[in-house]
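Listed here are the chains, written in short residue letters.
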Amino acid sequence: MGIKKPSWLEALYVEKFFVPCSIHESAKKNEKNVCCLDCCISICPHCVISHRFHRLLQIRRYVYHEVVRLEDLENLIDCSNIQAYTINNAKVVFIKKRPQNRQFKGGNYCTSCDRSLQEPYIHCSLGCKVEFVLKHNKDLSPFLRKCTTLQLSPDFFIPQDMADDDMANETAHSTVVDNDEPWGSSSSGSGSENMSFPCTEFVRKKRSGMHVCGRTANNYKDITEEDMATSMSRRKGIPQRSPLC
């Protein structure tokens, strides 16, 4: 007997999406719209950093139903004969069945929920195809595909606070000075006469608007109050009128 249903496929049916994340209750944009296929749980964008090395499948919404991109799902399972729909220039597939009460004459019908379909499709969702295969073949393994890595699409929304944290970490890393020499050294032993400083740069902060100013050790003593006032001020000088002839 083959594999009936993998754990990640069961998670797509059981897990709740587009509900607030209990771990990030106070954060904005905390709706669960990602399924971690390795942990078999639904996560929000703030949880992605903890699952970045796992297989992640983004869940989208179309007419109040959960859908996934056909391109992503085809890496996991055979999606032939499932009717796809186009959203924002991307084809998507419904995850769960969508029963239809009204019956139409002619055309194709879904094998599980009798929904009217376009030819040549016979399944309206992933769930309908899985149900059909298990009912007739009793084995889903021939339709499963080996997938070791699955990343989120480039248009996946990352909360702004996560981007700020990454930028802050990069800024903090860039201001670290790799120098084996101590901050202060003296050849004569006095400690204050021949003090030297490593070359340091002041990076423009994100919200402070600080002016970029760089000085080397040799020019440190040459800094005057006038130079500091000039470098920290952006105001232009008062324009001078030309003499009247």
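That block above? That's the structure.
By convention here, each chain's residues receive numbers from 1 onward along its written sequence. The model is predicted, so local features are restricted to residues of pLDDT at least 70 and side-chain atom pairs to those at 80 or more, both for listing and for counting; the totals for chains, interfaces and linings are taken over all residues. The side-chain figures draw on all heavy atoms in the structure; neither hydrogens nor water molecules are used.

(A) Structural detail: the nonpolar core. Counting residues in hydrophobic clusters, the biggest one holds 27 residues, and the most contacted among them are Leu 12, Ile 59 and Leu 126. Broken down by secondary-structure element, the contributors of at least two residues to this core are helix H1 (7-14), helix H2 (70-73) and helix H3 (126-136). Secondary structure elements follow DSSP: runs of H or I of four or more residues count as helices, runs of E of two or more count as strands, with numbering from the N terminus. Sorting elements by how many residues they give to this core places H1 first, with five residues. The contact criterion used is simple: two residues touch if any of their non-hydrogen atoms lie within 4.5 Å. Apart from the residues within four sequence positions on either side, Leu 126 is in contact with Leu 9, Leu 12, Tyr 13, Leu 73, Ile 77, Ile 82, Val 93, Phe 94 and Ile 95. Joining through side-chain atoms within 4.5 Å is the link that ties buried Ala, Val, Leu, Ile, Met, Phe, Trp, Tyr and Cys residues into a set, and such a set is a nonpolar core. Partly exposed residues are those whose accessible area sits between 20% and 50% of the maximum for their type, while under 20% is buried and over 50% is exposed, using a 1.4 Å probe and protein chains only. Counting residues in each nonpolar core, the second largest holds nine residues, with Val 34, Cys 44, Leu 56 and Phe 156 among its members.

(B) Region of interest: the sheet that holds strand S2 (residues 41-43). Paired strands, as defined in this entry, are two strands with at least two bridges between them according to DSSP. Spatially, the three strands line up as an open sheet ordered S2-S1-S3, and their pairing is antiparallel. Strand pairing shows two members of the sheet lacking a second neighbour, S2 and strand S3 (56-58), which therefore form its edges. Neighbour-to-neighbour, the strand axes of the sheet open up by a mean angle of 30°, direction not taken into account. Relative to S3, strand S1 (residues 34-36) runs antiparallel, the two sharing three bridges. Each bridged residue has a counterpart across the sheet, and for Cys 35 the counterpart in S3 is Leu 57. Orientation is described by lines fitted to C-alpha atoms, with helices fitted over the stretch in contact, and by angles between N-to-C directions that extend from 0 to 180 degrees.

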